[in-house]
Amino acid sequence: MSQTPEKAKEHFSLGFSEETLGYLYALGGTVLFSSKGVLVKLVYKFGIDSVTVLALRMIFAIPFFAFVLYQESAKTSDTPISRKDYGIVVLLAFIGYYMASFFDFWGLEYLSASMERLVLFTYPALVLLLGFVFLKKKVHKIEIYSVALTYSGILLAFLPDAEAQGKSAWIGATLVFLSALAYAVYLIGSGQMIPKLGSRKFTALLMIWSGVFVLIHFLFRKDYKILINQPLPVYAYGFALGFLTTVLPAFLTTAGIQRIGSNKASIAGSVGPVFTLFLAAILLGEIITWENMVGTIIVLSGVFLLGRKKKVLD
């Protein structure tokens, strides 16, 4: 006896509700994406620079996104993308993923993996500030408190790195902050494009173009033969960066947001800095200080406050 679509869906979900699945998808995407900084630091131990690591990441990621784009384009309901919308997607790919990834990987040459994840977590506050400056959106007191908490927590957590590494820590923090800024710009711009193109098609097209920009940058700066003469662990890390920390998180996070909404998904995403803190301590030997722990708690408090803002104001 054949199953109805609803029964098949229930069987596939293993008994989990849609909300539970949403949290699991969002949590899985967060954990995988938060592993990126640790993997990058492991690759750097082989003497490879940020531009080459980025190229390896996208070489392994692009085929998966190309397959998804092919699937979406083959649908009978698929409508052609206008020239204007296509141009916006390419611009968002350049700013939101190419520039954000470049600054992030470059910053990891100077900054610890746990601190990198914490600085990246400034992007919700940056989205708020950019909306206030450029879109003239009203800012409420609860939002100001959340921004103050976020940045004070980052400053506290950053003190051990600043004392131990001096100037290099400040360079790394600045680069990662620029990455968060580029990602915040992308988030603001993508809000209008996802409803038009659909999340899967938009994500696939965006990531393919960002990969193109990364590879163009690599070919201008490096000899392509560098990618051929690497030890096997480098390719293993490259695949992990491309598939496990790029492709899977992109679609898991999207699936989570579709089921529970962006606010609840952001709560699941708040485990990212904590997960990175302990993963970096285990795999990289990074020391967890009391400033790291207290600063992380303060930052997460600010993010939680910002995430609950809409519900409180409503």
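Before reading on, note that the structure itself is shown above.
As a starting point, this report considers the structure included with it. Keep in mind it's a predicted model, so treat the numbers as computed, not measured.

Conventions used here
- Counting restarts for each chain: residues are numbered from 1 in the order of the written sequence.
- The model is predicted, so local features are restricted to residues of pLDDT at least 70 and side-chain atom pairs to those at 80 or more, both for listing and for counting; the totals for chains, interfaces and linings are taken over all residues.
- Note that the side-chain values use all heavy atoms of the structure and ignore hydrogens as well as water.
- Helix and strand assignments follow DSSP, with helices taken as H or I runs no shorter than four residues and strands as E runs no shorter than two, numbered in order from the N terminus.
- Here, residues are in contact when the closest pair of their heavy atoms is within 4.5 Å.
- Using the Shrake-Rupley algorithm and a 1.4 Å probe, accessible areas are obtained, with residue cover drawn only from the displayed protein chains.
- Grouping into patches uses exposed residues only, defined as over 30% relative accessible area, and leaves out salt-bridged ones; the cut-off is 9 Å for like charges and 5 Å for nonpolar side chains (Val, Leu, Ile, Met, Phe, Trp, Tyr).
- A side-chain nitrogen of Lys or Arg and a carboxyl oxygen of Asp or Glu constitute a salt bridge if their distance falls within 4 Å.
- Both cavities and pockets are sets of points on a 1 Å grid over the protein atoms alone; in a cavity a 1.4 Å probe fits but cannot get out, in a pocket the set is open with protein on both sides within 12 Å along at least five of seven lines, and lining residues sit with an atom within 4 Å of a point.
- Grid points are joined across faces, edges and corners, and a volume is the space filled by probe spheres set on the points.
- Residues are grouped as follows: Ala, Val, Leu, Ile, Met, Phe, Trp, Tyr, Cys and Pro are nonpolar; Asp, Glu, Lys and Arg are charged; every other residue, Gly included, is polar.
- Stacked, tilted and edge-to-face pairs are distinguished by plane angle, under 30 degrees for stacked and over 60 for edge-to-face with tilted covering the rest, among Phe, Tyr and Trp rings (Trp via its six-membered ring) whose centres lie within 6.5 Å.
- Using a 1.4 Å probe on the protein chains alone, a residue whose accessible area is under 20% of its type maximum counts as buried, one over 50% counts as exposed, and one in between counts as partly exposed.
- The convention used is that axes are lines fitted to C-alpha atoms, helices contributing only their stretch in contact, and that angles between N-to-C directions extend from 0 to 180 degrees.
- Our angle categories are set so that under 35 degrees counts as roughly parallel, over 145 as roughly antiparallel, 65 to 115 as roughly perpendicular, and the remainder as oblique.
- In this scheme the handedness of a crossing depends on how the near helix is turned from the far one: anticlockwise by less than a right angle means left-handed, clockwise means right-handed.
- To form a nonpolar core, buried Ala, Val, Leu, Ile, Met, Phe, Trp, Tyr and Cys residues must be joined to one another through side-chain atoms within 4.5 Å.
- In the analysis that follows, any N or O atom pair within 3.5 Å is treated as a polar contact, provided that within protein one partner can donate a hydrogen and the other can accept it, and provided that, for residues neighboring in sequence, both atoms belong to side chains.

Before going further, it helps to spend a moment on the overall build of the protein chain. When helices and strands are counted, the protein chain shows 15 helices and 0 strands. Residue pairs in contact within the protein chain that sit at least 24 positions apart in sequence constitute 88% of those at least 6 positions apart. Working note: accessible area of the protein chain is about 16,100 Å², and carbon and sulfur atoms make up 68% of it.

Take a nonpolar patch on the surface next. On the surface, V274, F278, I288, W290, M293 and V294 cluster together to form a nonpolar patch covering roughly 500 Å² of accessible area. Mapped onto the nonpolar patch, the elements with two or more residues apiece are helix 13 (271-283) and helix 14 (290-307). Per element, the largest residue contribution to the nonpolar patch is 3 residues, and it comes from helix 14. As for its position among the elements, V274 is in helix 13.

What follows covers empty space enclosed by the protein. Using the criterion set out here, one finds 3 cavities of 30 Å³ or more in the structure. Each pocket or cavity is described by its volume, and for the largest cavity that value is around 50 Å³. In terms of lining residues, the largest cavity is bounded by S112, S114, M115, L118, A157, D161, P273, L277, N292 and T296. Of the residues that constitute the lining of the largest cavity, the class distribution is 5 nonpolar, 4 polar and 1 charged.

This paragraph deals with the packing of aromatic side chains. Counted by the stated rule, this structure contains 17 aromatic pairs. Aromatic side chains Y86 and W209 sit 6.4 Å apart centroid to centroid with 85° between the ring planes, which places their arrangement in the edge-to-face category. Pair noted here: Y86 is in helix 5 (residues 83-107) and W209 is in helix 11 (residues 199-221), with a separation of 123 residues, a long-range link. Taking relative accessible area as the criterion, W209 reaches 26% and is therefore assigned partly exposed.

Following both chains from N to C, one finds helix 6 (residues 113-120) and helix 9 (residues 167-190) inclined at 40°, their axes separated by 8 Å at the closest point. Judged by the angle between their axes, helix 6 and helix 9 are oblique. Judged by the twist between their axes, the crossing of helix 6 over helix 9 is right-handed. Between helix 6, through E116, V119 and L120, and helix 9, the contact on the second element is made entirely by A173, V176, F177, S179 and A180. Classifying every residue of the contact of helix 6 with helix 9 by side-chain character gives 6 nonpolar, 1 polar and 1 charged.

This paragraph deals with the pattern of salt bridges. For the structure on display, the rule yields 5 salt bridges. D49 serves as the salt-bridge partner of K222, at 3.5 Å between the closest nitrogen and oxygen. In this pair, K222 sits in the loop between helix 11 and helix 12 (232-269) while D49 sits in the loop between helix 3 (36-44) and helix 4 (50-73), placing the two residues 173 residues apart along the sequence. The salt bridge partner of E72 is R200, with a shortest N-O separation of 2.8 Å. With a gap of 128 residues between them, E72 in helix 4 and R200 in helix 11 connect regions that are remote in the sequence. A relative accessible area of 11% means that E72 is categorised as buried. Judged by its relative accessible area of 33%, R200 is partly exposed. Each of K36, D104 and E116 takes part in salt bridges that share partners, so that together they form one network.

This next bit is on the nonpolar core. Counting residues in each nonpolar core, the largest one holds 52 residues, and the members touching the most others are V38, V53, F65, F202 and L206. Those elements that place two or more of their residues in this core are helix 3, helix 4, helix 5, helix 9, helix 11, helix 12 and helix 13. The element that contributes the greatest number of residues to this core is helix 4, accounting for 11 residues. Not counting the four nearest positions on each side in its chain, F65 is found in contact with T203, A204, M207, I208, T246, V247, A250 and F251. L126, V176, A184 and V303 belong to the second-largest nonpolar core, a separate cluster that totals 20 residues.

Moving on, we come to the side chain of K36. On the secondary structure map, K36 appears in helix 3. A residue is classified by how much of its surface remains accessible, and K36, at 3% relative accessible area, is buried. In this structure the side chain of K36 is engaged in a polar contact, spanning 2.3 Å, whose partner is the side chain of D104. Not counting residues within four places of it along the chain, the set of residues in contact with K36 comprises R57, D104, F105, E116, R117, L120, L241 and T245.

So, on to the side chain of T245. The topology assignment puts T245 in helix 12. Using a relative accessible area of 1% as the deciding quantity, one classes T245 as buried. Within polar-contact distance, the side chain of T245 engages the backbone oxygen of L241 at 2.7 Å. Here T245 is in contact with L32, F33, S35, K36, L39, R57 and A240, once residues within four sequence places are set aside.

All right, on to helix 3 then. Counting buried residues along helix 3, 9 of its 9 residues qualify, which places the element largely inside the surrounding structure. For helix 3, the complete set of buried residues consists of K36, G37, V38, L39, V40, K41, L42, V43 and Y44.

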